[in-house]
There are 2 protein chains.
Amino acid sequence: MTEATRRERLRAETEREIRQAARALLVESGRDAVTLRAIARKLGITAPALYRYYDSHDALLRQLCDDICADMATALHTNLAAETSGQVGCKVRAVCHAFRRWALAHPQEFALVFASPRDPIGADQFGAVFLQLAGPLIASNEDANHVDEEVPEVLHEDLVRFQQVLRDAVAEHGVTLADDVLNLGKIYHVVQSWVRLYGHVALEVFGRFPFAVSNPEPMFDSMLDQMLQEIGFTEVDR
Amino acid sequence: MTEATRRERLRAETEREIRQAARALLVESGRDAVTLRAIARKLGITAPALYRYYDSHDALLRQLCDDICADMATALHTNLAAETSGQVGCKVRAVCHAFRRWALAHPQEFALVFASPRDPIGADQFGAVFLQLAGPLIASNEDANHVDEEVPEVLHEDLVRFQQVLRDAVAEHGVTLADDVLNLGKIYHVVQSWVRLYGHVALEVFGRFPFAVSNPEPMFDSMLDQMLQEIGFTEVDR
DNA sequence: AACTCTTGTAAACACCGTTCACTAAAACCG
DNA sequence: CGGTTTTAGTGAACGGTGTTTACAAGAGTT
């Protein structure tokens with residue numbers, strides 16, 4: 001039944017416990033508390049033993065980032081699946097809301113994965129997760145009326161590259177798209193939306209709005225309305 | 001001539017050197033390198049001596065944040081003063097560009113001040129600096145056509161509070177405003193602009209765009225165009 | 001049973017923030 | 001001036017950290 005040997009099972013189990021302990025420490029006490037010795041204490045072993053599983057403290061943090069991204073991806077997909085309405089706009093809205101909710105519920109994780117300047121840590125994965133969701137959604141929005149001429153020519157090169165990234169993401173779900181479904185105008189608005197979504201959520205999580213916002217959710221909703229309208233989701237019924 | 005005693009001068013000088021050393025360490029090797037012992041080494045003293053100047057490592061980091069914010073404020077004001085065109089739109093554009101340039105040139109400082117989840121560290125100061133600049137600029141834009149009815153009612157309460165913050169900021173420059181100059185519609189768009197500005201800059205500094213952007217500046221310009229147009233700066237000549 | 005590989009330990013090194021007792025010099029004061 | 005107080009700095013120490021090294025004990029293999 002179990003393919004793995006006894007030793008492999010034990011090793012996998014220990015590794016699982018390490019990740020779990022690291023995660024708990026991060027959530028409870030922040031990034032600086034994710035210490036090799038603290039993790040080891042939780043497992044009832046000594047710190048050097050952890051080097052049998054990870055090359056360094058840094059590598060362990062990177063693994064932690066991966067786990068977090070994976071969990072977030074799961075949460076977003078779950079929320080998307082729960083939105084059974086056929087309207088694409090509603091699905092996009094659901095994912096955006098889920099992202100905000102996740103970030104607010106997991107501030108330490110959000111901070112770790114997001115806000116490290118250019119570190120190899122958590123690079124790419126995050127945006128990738130989100131846009132793997134966005135790709136199919138945007139692609140399934142047939143009634144957008146953007147044309148490539150809307151977007152400045154200097155951006156074309158980068159947007160075409162991004163177009164390919166999105167197309168690959170959609171392709172992994174087994175769908176290939178006609179050229180005009182993911183036109184540059186749409187792509188451009190997706191990037192703009194990502195900027196606003198990330199901006200709002202980060203400001204809220206980090207508490208960096210320039211004034212005390214007593215009730216940020218309506219502001220988020222309001223932003224989403226405008227975003228969706230710009231992208232071309234005409235149905236505004238929430 | 002010099003009001004201060006000899007001892008006070010020496011103390012001030014040492015404190016200056018401490019801040020300078022801390023800043024250099026942050027820039028060179030990141031947040032984790034800003035260590036009491038490392039700072040002390042740079043000054044040729046021992047670590048405990050620093051406790052004559054700061055209560056703790058944390059307090060020193062807070063001071064560092066304050067310094068960074070002050071420096072950024074200076075940089076932004078300088079850039080604003082250099083924009084001698086009378087058009088308000090150009091001034092706003094200049095400040096936004098200056099912000100982006102500063103953040104890209106000082107990624108470690110940006111990360112320290114910005115992206116700590118709810119820490120007392122760097123709280124408020126940052127947004128405050130930026131919007132102390134924005135207040136007068138927005139207020140001086142006479143030809144905006146927003147009306148309060150544009151913004152959802154749920155947001156009124158918060159926006160009115162922010163309105164007061166902006167009014168106070170402008171008042172510190174010795175100007176009092178008529179009620180309709182800073183109406184809620186304008187305020188709302190200022191917040192939206194802050195979201196987008198921060199979102200773009202943070203994504204760029206942290207390298208979290210979902211694809212490799214070879215030339216982000218035109219994208220930033222493009223965003224600014226749209227932003228300014230929404231706020232109501234009709235003059236689009238850059 | 002003998003051998004190898006794996007997983008853990010204990011000790012050590014260099015670094016960290018922080019505290020405490022202590023010194024030497026500066027500033028103050030009669 | 002001489003004595004006293006205030007101050008800036010030291011050195012040793014405590015417990016914490018990441019990491020390396022030598023070593024032990026068990027699991028798996030032949």
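Worth saying up front: this structure is predicted, and the values here are computed from it rather than measured.

All names here are of chain B. Relative orientation of the contacting elements helix α6 (residues 125-139) and helix α7 (residues 156-172) amounts to 85°, with a least axis distance of 8 Å. In terms of orientation, α6 lies roughly perpendicular with respect to α7. In this structure, α6 uses Leu131, Gln132, Gly135 and Pro136 to contact α7, whose residues at the interface are Phe162, Leu166, Ala169, Val170 and Glu172. Residues that form the contact of α6 with α7 fall into these classes: 6 nonpolar, 2 polar and 1 charged.

Moving on to the interface of chain B and chain A. Interface extent is often summarised as the accessible area lost during association of the parts. Each partner contributes residues to the interface: chain B has 52 residues there, and chain A has 52 residues. Contact with chain A buries surface across chain B, with B:Arg208, B:Pro210 and B:Phe211 losing the most and accounting together for 16% of the total. At the surface where chain B touches chain A, the tally comes to 0 salt bridges. At the junction of chain B with chain A, the criterion picks out 18 residue pairs in polar contact (both at pLDDT 80 or more). Elements supplying a minimum of two residues to the side of chain B that touches chain A: α5 (107-114), α6, α7, α8 (184-205) and α9 (216-231) of chain B. The biggest single contributor to the side of chain B that touches chain A is α8(B), with 13 residues. When grouped by side-chain class, the residues that make up the side of chain B that touches chain A number 31 nonpolar, 12 polar and 9 charged.

A separate point is the layout of surface pockets. Estimates place the volume of the largest pocket at around 610 Å³. Together, 23 residues line the largest pocket, and A:Arg31, A:Asp32, A:Ala115, B:Arg31 and B:Ala115 are the ones closest to its centre. Among the elements of the structure, α5 (107-114) of chain A together with α1 (6-29) and α5 of chain B are those that each provide at least two residues to the lining of the largest pocket. Looking at the lining of the largest pocket residue by residue, the classes come out as 9 nonpolar, 8 polar and 6 charged.

A word on the domain arrangement of chain A. All names here are of chain A. Domain annotation for chain A reports domain 1 (1-54) and domain 2 (64-231). Placing a centre on the C-alpha atoms of domain 1 and another on those of domain 2 gives a separation of 32 Å. Contact residues are listed per partner, giving 8 residues for domain 1 and 7 residues for domain 2. Summing the contributions of domain 1 and of domain 2, the shared interface buries around 770 Å²; its carbon and sulfur component is 55%. When the area that domain 1 buries against domain 2 is broken down by residue, the three leading residues are Arg23, Leu26 and Arg31, summing to 67%. Connecting domain 1 to domain 2 are 3 salt bridges. In this structure, the salt-bridge partner of Glu109 is Arg23, at a minimum N-O distance of 3.4 Å. Applying the counting rule to domain 1 against domain 2 returns 3 residue pairs in polar contact (both at pLDDT 80 or more). Split into classes, the residues belonging to the side of domain 1 that touches domain 2 amount to 4 nonpolar, 1 polar and 3 charged.

With that settled, consider the pattern of salt bridges. Residue and element names in this part refer to chain A. Going through the model one piece at a time under the given rule, you end up with 24 salt bridges over all chains. Between Arg16 and Glu13 there is a salt bridge whose closest N-O contact spans 3.4 Å. Note that Arg16 and Glu13 are positioned in helix α1 (residues 6-29) at a spacing of 3 residues, about one turn of the helix. On the basis of relative accessibility, which here comes to 45%, the residue Arg16 falls in the partly exposed class. Between Arg19 and Asp67 there is a salt bridge, and its shortest N-O distance comes to 3.1 Å. Of this pair, Arg19 sits in helix α1 while Asp67 is found in helix α3 (residues 57-82), placing the two residues 48 residues apart along the sequence. Take Asp67: its relative accessible area is 13%, and that puts it in the buried class. The network of salt bridges with shared partners includes Glu15, Arg19 and Asp67.

With that settled, the discussion passes to the packing of aromatic side chains. This structure, assessed with the given rule, holds 18 aromatic pairs over all chains. Between B:Phe99 and B:Phe110, the ring centres sit 6.4 Å apart and the planes meet at 55°, which makes this aromatic pair tilted. Note that B:Phe99 is positioned in helix α4 (residues 88-105) and B:Phe110 in helix α5, a separation of 11 residues in sequence. A residue is classified by how much of its surface remains accessible, and B:Phe110, at 0% relative accessible area, is buried. Consider the rings of B:Phe114 and B:Tyr198, whose centres lie 4.7 Å apart with planes at 25°: the pair is stacked. Of this pair, B:Phe114 sits in helix α5 while B:Tyr198 sits in helix α8, and the two are 84 residues apart along the sequence. Site record: aromatic cluster; members linked through ring pairs are A:Phe99, A:Phe110, A:Phe114, A:Trp194, A:Tyr198 and A:Phe206. Positioned above the aromatic ring of A:Phe220, the side-chain terminus of A:Arg100 is 5.4 Å from the ring centre.

Close contacts around DNA strand C come from 20 residues, with A:Thr46, A:Arg52, A:Tyr53, B:Arg37 and B:Tyr51 the closest. A:Arg52 places a polar side-chain atom, nitrogen or oxygen, 2.4 Å from a base oxygen of DNA strand C. At 3.2 Å, a side-chain N or O of B:Arg41 approaches a phosphate oxygen of DNA strand C. Listing elements by their share of the surface near DNA strand C, those giving two or more residues are α1 of chain A together with α1 and α2 (36-43) of chain B. With 3 residues, the single largest contributor to the surface near DNA strand C is α2(B). Tallied by class, the residues present in the surface near DNA strand C amount to 7 nonpolar, 5 polar and 8 charged.

Calculation notes
Residues numbered from 1 in each chain as written. Chains lettered and ligands numbered in written order. Predicted model: local features only at pLDDT ≥ 70, side-chain atom pairs only at ≥ 80, totals over all residues. Heavy atoms only, no water. Axes fitted to C-alpha atoms, helices over the stretch in contact; angles between N-to-C directions. Helix = DSSP H or I, 4+ residues; strand = E, 2+ residues; numbered from the N terminus. Parallel < 35°, antiparallel > 145°, perpendicular 65-115°, else oblique. Contact = heavy atoms within 4.5 Å. Nonpolar A, V, L, I, M, F, W, Y, C, P; charged D, E, K, R; others polar. Buried area = accessible area lost by both parts, 1.4 Å probe. Salt bridge = Lys/Arg side-chain N within 4 Å of Asp/Glu carboxyl O. Polar contact = N/O pair within 3.5 Å; in protein donor to acceptor, adjacent residues only side chain to side chain. 1 Å grid on protein atoms, 1.4 Å probe; cavity = no way out; pocket = protein on both sides within 12 Å on 5 of 7 lines; lining within 4 Å. Points joined across faces, edges and corners; volume = space filled by probe spheres on them. Domains from an automatic or database assignment. Buried < 20%, exposed > 50% of the residue type's maximum accessible area, 1.4 Å probe, protein only. Phe/Tyr/Trp six-rings, centres within 6.5 Å; stacked < 30°, edge-to-face > 60°. Lys NZ or Arg CZ within 6 Å of the ring centre and 35° of its normal. Near = heavy atom within 4 Å.

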